[in-house]
Structures are given as structure tokens and as C-alpha cells.
Amino acid sequence: MLGAAASWTLPVFLEKTFFALDAMAADALTQIATGKDGTILVVLQMAGGNDGLNMVVPYADDIYYRSRPKLGLPADKVLKLNSYAGLNGKLTGLKALFDEGHLSVVQGVGYPNPNRSHFRSTEIWQTASDADRNESEGWLGRYFDNCCAGADPTVGVAIGEEMPQAFAAKTPTGITFSEPEQFRWRPSEKIEGRMSAEESFFRQLNGSAGDEEALLAASEGGSIAAIPGKSKTDLSTIDFLQRTALDAQLSSDKILAIARKYESNVPYPQGRLAASLSMIARMIAGGLPTRVYYVSQGGFDTHAGQVNAHARLMGELNDALSAFATDLKQQGNFDRVLLITFSEFGRRLVENANGGTDHGAAAPMFIVGGAVKPGLFGKYPSLSDLDYGDLKFNTDFRSVYGTVLDKWLRAPSQVVLGRKFPALPII
Amino acid sequence: MFTPLSPQQWNYETAAHLLNRAGFGGTPAEIEAAYGKGLEATVHDLVDASDDFANVPPPAWAHPRKIGKIRMEMRSKKISPKERKERKREFHDMEGENILDLRRWWLERMLTSPAPLVEKMTLFWHGHFATSVQKVRDGYWMWLQNDTLRRNALGNFTTLTKEMSRDPAMMIYLDLQKSQEEHPNENWARELMELFTVGIGNYTEQDIRESARAFTGYRVNLRTQQFRFAPFQHDASSKTFMDRSGPLDGDDIIDTLMKKPTCAQFIGRKIWRYFVEDDPSPETVDAVASRLRAHDYEIRPVLREILSSADFYSDRVIRSQIKSPVQFLVQTAKLLETPLPSPSIAQNSMRQMGQILFAPPSVKGWDGGRAWINTSTLLFRYNFSNYLINGDEMLSAPDPVKEKGPDLGFRRGLALGADMRRDPIDVSKLIPAELRKKPQELVAHLGNRFFQAKAAAKEADAFVHYLEARNPDTGDETMRGLLHLMMSTPQFQLT
């Protein structure tokens, strides 16, 4: 059976594409800094509207305790960062990172005319648009479009079942998967241990005939595809499809190979977030040429019974992030990785009648990594000067994005975000 | 422009192209029938089809339900917190079930309607006047809007735009029903110009402010769930909008916009892109725009001209369009002569392919074209084909995630359970027994079905070699493997 398949060598398309793309590579403006030496951004979405007030607690403010008789966290349980604010008691690992100089906290982050709909506010954070504008492309998608044309398809990796809007781009780039075993073509017939005829012809039809080992070997130096090329926009529609099919094939093989090869010695806790971060750590260890990873933690919409729910979420976040940091340190990659957290909004200062909190506005962001400038940035928003009961922002979230783009990804933030936002001294 | 296609060029391939683009494709038998009828008769069937067909009746729940009252009762302090919680859960479950059913209903219509162009055009308008249930939160309003889009699908664009300004789902989506005389909300006014009529750059901020005033007083009656006009909320004073002044109302604004050449160009370009090609030349856009103006924005005659034109059937157009996820789903069911997957599987697959009906990602609708395809969505299409052909053994279920609130189709890891059950397709419907042992002929035969043309030499060779590698096994599994292989190609993504 395999005899017939083996007689098929390099597919015609691949051959053609190599030549066609090689000729076009000269004017590619691609950032080649991927692989072992590039900087890596990890974006962690806290979906549902995280209660920033109980994550970074204004323990020295009476208004906080008066507004939250049930939910206020006692000052002696708070991990103090300064004389006014401290971390939620569950965030012991993050406090340790803060103390060793690997965590910065940006306070009072938001945007003008805050929207309190999950859907709309998430969209605003994902597209980095003004509140009264609708954008289709995500901020990371615009980064891919402008700075990563022709890059390896794994330049952006989202762990999850669907691509985050932040990745939406004119030329779709980046891959999304929840399990490496799912991110692959599945033949009609299951044959253990060897490739079926169907699979070998599938590979041929989709432009890849190599085995996993050979692909991995070919990619050790950096980019998988090793196919130079410029933006997919210059390809005809069928060539674009064939190129994407080839990308899918190659990145699927590579991700599976890395997932099977690299294991971590660091124990990760249970849960989806920890599993996702562990997967990312393995991809980093395996040298996947990714510049942006995206991961999310859900469940922050705590309208009722917040005490236990939020504590559990904070514990999950803390334990997963601590393991991730330890893992990266052990790999020697902690200095190359920057992780930022965000949520579509914070929550109202005053607790509601159901022991929960309703949709709010400004909230803090965490920046974690070996290269961060530690400390507290921005101002803690006033608890007395409120906007319809919500904290007022003093730092636009696009200042964080802009700083990350300029200083960390070395990408022109003005092009990606449409204008220049004040930089922050966080990196 | 718009020279009719010469009768000599009417053949199986051009007939297939018409059915693909003006509808959701056809089986070889349907394509043969269209070919036999001729171009003019087939275009007539599509364009003039009566939309008076009740083959898929409206969902039983699609009627006003006094949603305001239900919501008020749900929050009533007269009932115990436990009961409130229970009612809220029931209401959320109902919302989720309704919207799931609405998606099933529309997909069924697309698959079985004798007027597929009406459905295709309804889908066009859904992407144009994009409105999402995520904000509207009510299946009835989404159905009502869909019904309005369908009634006007091939009708008059001016009329449809005016109806949209009075459509409860749209009014909620773009905050028009909240707009007050004192504080006119500009959301609808801005999108009306930017996305629905003249396009960005063809109006001023002043135009937005003035027209927002003209649309004040539009309200949704929560008891009847219909539009109502509240004269006391309407700003009847004088406005200056573009080249007009006076106590303009909303319809005056729309009439003014329709007179702008940029409006006909904007909508003409979009129609051309939807039916013909991604990047029309400026001359083509002008030509469509002038036909639209000549027909006073009547869509039916313009579509008749486009679908009969030689340009529509040119070599660079045929099989050059990437199927939208909805097209992929419906056309695949047609080609495999198999029922649609269960509603929750269909919904889940649309989400993973990037097009959830009744939930466009933003008021801009779906970008379409190449934006449909990335490595993940392409692999999903390939693997989903496997499920459609081989049944549920091929689908691995993600862990269900229990979350609060209604599931409007965005939930990760749906608990699909029994809904996933699906039998392998009946191969004998597609493959005559005598061809099983004749690889070349079999591949040509199936090529006509799946690609509506002979497969390119490279692909055809691979399919034939696959059959040879499986020789002497010509059983159903091998045949299904071949079908899956044919669908797991870049070529199958085109229509």
C-alpha cells in the first residue's frame, strides 16, 4: 500500500511554490526574529469582567470596606504592595514574583466612555478601537498584517477552540487549537502506527509529503516552513488556499511532534488555564517560532456568590502562573517571555444584594516576565470620585499595548494601533 | 458591460456555476436539469421564484411574547429569590433553544427552498445589515428581522433600508430605540452612512449629528414587540443634512442618501463581490451602480442582468470564490445528499468555521473571502467533512463547560451528547456500483459532483492512485475514504 505513496516525491505544488515564493522574498518586510532568540508575548484574557478591586485590594481605604461589607477582603489577609494596595491573599506566587522584581502592576486601566457590555467591551479590548468605533481586525492581527507578512503560520498561537478576535487580520495568520491531537487531519480509517494510504495521499494533495521526524529536523533552526515568502495577499486564491493547507499540515506536524517530545519537570495544577500555560511552555521549549501566544481563563462574571468563586479563580490564576514562571525559569526562557493579563472591565465598587458585583470599568493589569520593570504603575483610581459607581481609568489600555509593541515586539505601535499612546516604563 | 452570455457557452459547468453562486449548489441531476432548461429559463426560475412557499414553516415560537413583561416578572420582588433564579434559568434556556432552532430553520430553508436565490440574498442582507443576537437577546426579534430581509431580499433597497430603520432588532443593536430628543444617539446614524449606504469618507460628522436628530422618536413597544413612533421624543426642528435643510425625518435622510452616486457604488460593489469576484474594477463598480440607479434600486432586475452576463461566467470568475462556512455546510449536505447535521452540531461547526448565523462578529458583518480561511478553520473543514461522511465515530467531543446564562451559540465545549449521533452516508446514492472497480471513471464521475468540473490532473491522479493503493478493496469504507479525500482539498473550498 505504501509503495504507491512512496513513489510520490515532492509534490508539484510545493516545488512550484518554492520557486515562486523565493523570487518574491526579496522585498519581504518580515521580522525574522523568531525561534530561539526572539521575544515572546503571552496574552492572558480573564473573561467575564474580573473584579480588579479584589485582585489588587485598596486595603487602606475605608470606602472600600464600607462599600463591600460582605466582599471586602480583610487587610491582614492582603499581600501588601505598598501602604495603600495589596494583592488578593490567594496570589502568593505573584507576590513572590513582585518581590523578586518580575511582576509589574498597572493600576486604573481602561478607556474613555467605558462600555459595560461583555460583548462590546471585549471587542474594544480585542480590537483596540475607540469605544465609539467598530473595527473588525484585532490589535494582534494588525501586528501580524503589518510586521509578520510571510512569517511562519505559528507566529501567533491561540490555545482554545476558536480564534480570539484579537488575532483577526486582513491576511489570516496564526493558529488556534485546544489539544495538539485535535489540530491535525484525521483520516477516515484509523490505523495505529503507520500512515494509511488515505493519509499519504492527503499529504500529497495538501502539499507535504515528509514525515514528522524529518520536518522537525528541518525546523530545528527556526521557521518551520523555511519557505520564504511575502504576504499571502499576493497569491491567487487557489495558491492562497494551497499555501494555507501546507501551513496547516506543517504546523500540525510540528506542534504534535513538540507536544510529544517535550515534557516539563515542573508540576502544574489541575485546570484548563494551567493546562494551556503548560502547553505554551512546551511550545516555547520546543522552539516554535511564535511571537504571540493567547490564552484565556473564564468565569469572572461574578454577579452572585462572589466570595468563593473569585477566591477560586484567583487561586487558579496564581497557581498556574507560578508554575508557568518556574517552568520558563528552568528552561532559561523567562527573560524572553512577557505575559500580560486583561479583562473586559472591572466591577462596581459597591457590592450588590446577591453577594456579588456588577459590571464596572477600570481595573488593574499584571505584567509578568524576566524583563519587566517591577512596581506599581498608574494611579489607584479614587474610590470617591466615581463614574456612575465605577472606578475611573487613568491609564488607557492601549498605552500598555503600545509599550508592549514598541519595546517588546519591536513593532511600530503607531501603525498597529492607529496612533501613538503614551509609553509606560513597564519594560 | 453586461453583454449576455452567448448560448454556446451554456453548458454543465456554467449551469453549475449559476446554481452555486445564486444558491447553494446543486446535485449533478439538478445541474443537468438546469442545463437542459437553458440560461434564460434557469435565471428566470431563480430571480422570479415565488417566495410564497411554506416548505419550512416559521418556528412555532416566532411570535411576540411580551418580552418586557416576562423580564419584569423575572426580576419581580414578589417571588422568592429561588423562584426568581428558576425563572431566569428557564428564560435563558428558552433563549438558547430558540436561537438554536432559528439557525436550524434557516439552514433547512437554504437547503430545501425552491427559491434559493431568495435565501442567498437574505444571507447577503444579513451580512449587510449585520445584527447580532448577542446584544438583541431575543429570538423573536431576530426572526422578525430575517423575515423582513427575506420579504425584501430581491425588492427595493430604499424600502429595505427604511424597514431596517424601523426593525426592532436593528434598533436595539444600534441603540436607536434609546435615542432621545435631548440626547440623540449617533450609533445608528453613523453606521447607516458608513456601512449601509454611502461608505466611509462620504459624509461629515455634522451629517451624523444632524441625521441622528432626524431619527429620534423611533421606539420599540415591548408589549407588542413591534416598532412604534413616539412623536414627543422626535426632534421636529430644522436640520441641515448634506444638501438638504428643513424639518427632516428619518425617511428624508435615507432618501437623500440614496440619491448619492456613492451609495449606488457602495452597494453595487458589495453585490458584485458577493456574487461574482472579490476585487471588481472601478469600471465594473460604475456599471453595476448605473444599473442600480437605472432600476431605482430594484434588486431583482439588476440580479437578472448580472446572472445572465458573460462577465459572470468568465473563466477568472468560475470556481474562484471561497465558500463561506454557511455555503460550505449547506452545499456539502446537498452534494452528499445527506441531511444537515443536528442543530447543535451545525451551530458548533459554524462557530468553528467563523460564521455563526444571527451573530456576525460586528456591525460590519463578515469580511468573507480569504478571511474565512486560516490553518485552524481549514483543518476543521477537512475534519468536519469526515464527520459528515463517516458519522459520529470521527468526532471527538470536547469536555463540556458549564457556564451561567443563555447559550446563544458561543459556548465552548457544548455538551452535545445524543445530538452527535450520525450514521455514515449511503455511498450507493453517489457511486454507481459498476464504477467501483474503474478508478479513472469513478474519479471523473465524482469530480463532476464535487468540483462541477473535471478535477485538475494532479488531484485526479492522486485520487486514482489512492483507489489503486486500496485495490482490491472497493468496499464502502474505501469509497468514503475517497470522498473524504476529495473534500480534504483546497479545491473543494472553492465554488
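Here the structure is shown first, and the text comes after it.
In this text the structure is predicted, and so the values were computed from the model without any measurement.

A.B. asks: Is there a simple way to explain the overall build of chain B in this structure?
C.D. replies: Secondary structure assignment for chain B yields 22 helices and four strands. For chain B, whose C-alpha radius of gyration is 25 Å, the value lies close to the compact-globule estimate of 23 Å for 495 residues. Overall size of chain B, expressed as C-alpha extent along the three principal axes, is 80 × 65 × 40 Å. Burial statistics for chain B: of 495 residues in total, 60% are counted as buried. Within chain B, counting contacts between residues at least 6 apart in sequence, those at least 24 apart form 74% of the total. Working note: accessible area of chain B is about 19,400 Å², and carbon and sulfur atoms make up 51% of it.

A.B. asks: Help me out: how do you make sense of the pattern of salt bridges in this one?
C.D. replies: A pair can form between side chains of opposite charge whenever their charged atoms are brought close. Residue and element names in this part refer to chain B. Tallied over the entire structure, the rule returns 48 salt bridges over all chains. For Arg213, the salt bridge identified is with Glu210, shortest N-O distance 3.2 Å. Linking Arg213 with Glu210, this pair stays in helix H12 (residues 205–214), spanning three residues, or about one helical turn. Given a relative accessible area of 16%, Arg213 falls into the buried group.

A.B. asks: Please clarify how the interface of chain A and chain B should be interpreted in this entry.
C.D. replies: Many structure descriptions define interface size as the accessible area lost when the parts assemble. Contact with chain A, which involves 53 residues of that partner, is made by 57 residues of chain B. Of the roughly 4,900 Å² buried at the junction of chain A and chain B (both faces included), carbon and sulfur atoms supply 54%. Among the residues of chain A in contact with chain B, Phe119, Glu161 and Leu205 of chain A are the three that bury the most area, contributing 15% of the side total. At the junction of chain A and chain B, the tally comes to one salt bridge. Across the pair Glu194 of chain B and Arg133 of chain A runs a salt bridge whose closest N-O atoms are separated by 3.4 Å. Inspection of the chain A/chain B interface yields 16 residue pairs in polar contact (both at pLDDT 80 or more). Secondary-structure elements contributing two or more residues to the side of chain A that touches chain B are helix H5 (118–127), strand S7 (175–177), helix H7 (197–205) and helix H9 (237–261) of chain A. Here the side of chain A that touches chain B takes eleven residues from H9 of chain A, the largest share from any one element.

A.B. asks: For this particular structure, what's the right way to read the nonpolar core?
C.D. replies: One broad trend across soluble globular proteins is that nonpolar side chains are buried collectively. Membership of the largest hydrophobic core comes to 226 residues, with the highest contact counts inside it found for Leu277 and Phe324 of chain A together with Leu18, Leu107, Met121, Trp125 and Phe450 of chain B. In this view, Trp125 of chain B contacts Leu149, Asn152, Ala153, Phe157, Leu160, Ile267 and Ile299 of chain B; residues no more than four positions away in its chain are not counted. Core analysis: the second largest hydrophobic core is formed by 42 residues, Ala128, Leu409, Leu417 and Ile426 of chain A among them.

A.B. asks: Help me understand the packing of H9 of chain A against helix H19 (residues 375–390) of chain B, please; the structure alone is not making it clear to me.
C.D. replies: When two helices pack together, you describe them by how their axes are tilted relative to each other and by the distance separating the axes. It is the contact of H9 of chain A with H19 of chain B, at a shortest axis distance of 9 Å, that shows an interaxial angle of 90°. For the element pair H9 of chain A / H19 of chain B, the angle class is roughly perpendicular. Across from Leu241, Thr244, Ala245, Asp247, Ala248, Ser251 and Ser252 of chain A in H9 of chain A, the residues of H19 of chain B making contact are Thr375, Leu378, Leu379 and Tyr382 of chain B.

A.B. asks: What am I meant to see in the sheet that holds strand S3 (residues 79–80) of chain A here?
C.D. replies: The pairing of strands in a sheet happens through backbone hydrogen bonds and is either parallel or antiparallel. All names here are of chain A. Reading across the sheet, the three strands line up as S2-S4-S3 and stay open at both edges, with antiparallel pairing between neighbours. Strands with a single pairing partner mark the edges of an open sheet, and in this sheet they are strand S2 (56–57) and S3. Across two bridges, the pairing between S3 and strand S4 (residues 86–87) is antiparallel. Bridging across to S4, Lys80 finds its partner in Gly86.

About the cut-offs
Residues numbered from 1 in each chain as written. Chains lettered and ligands numbered in written order. Predicted model: local features only at pLDDT ≥ 70, side-chain atom pairs only at ≥ 80, totals over all residues. Heavy atoms only, no water. Helix = DSSP H or I, 4+ residues; strand = E, 2+ residues; numbered from the N terminus. Rg over C-alpha atoms; globule rule 2.2 N^0.38 Å. Buried < 20%, exposed > 50% of the residue type's maximum accessible area, 1.4 Å probe, protein only. Contact = heavy atoms within 4.5 Å. Areas by Shrake-Rupley, 256 points an atom, 1.4 Å probe, with all protein chains shown as cover. Salt bridge = Lys/Arg side-chain N within 4 Å of Asp/Glu carboxyl O. Buried area = accessible area lost by both parts, 1.4 Å probe. Polar contact = N/O pair within 3.5 Å; in protein donor to acceptor, adjacent residues only side chain to side chain. Core = buried A, V, L, I, M, F, W, Y, C linked by side-chain atoms within 4.5 Å. Axes fitted to C-alpha atoms, helices over the stretch in contact; angles between N-to-C directions. Parallel < 35°, antiparallel > 145°, perpendicular 65-115°, else oblique. Pairing = 2+ DSSP bridges.

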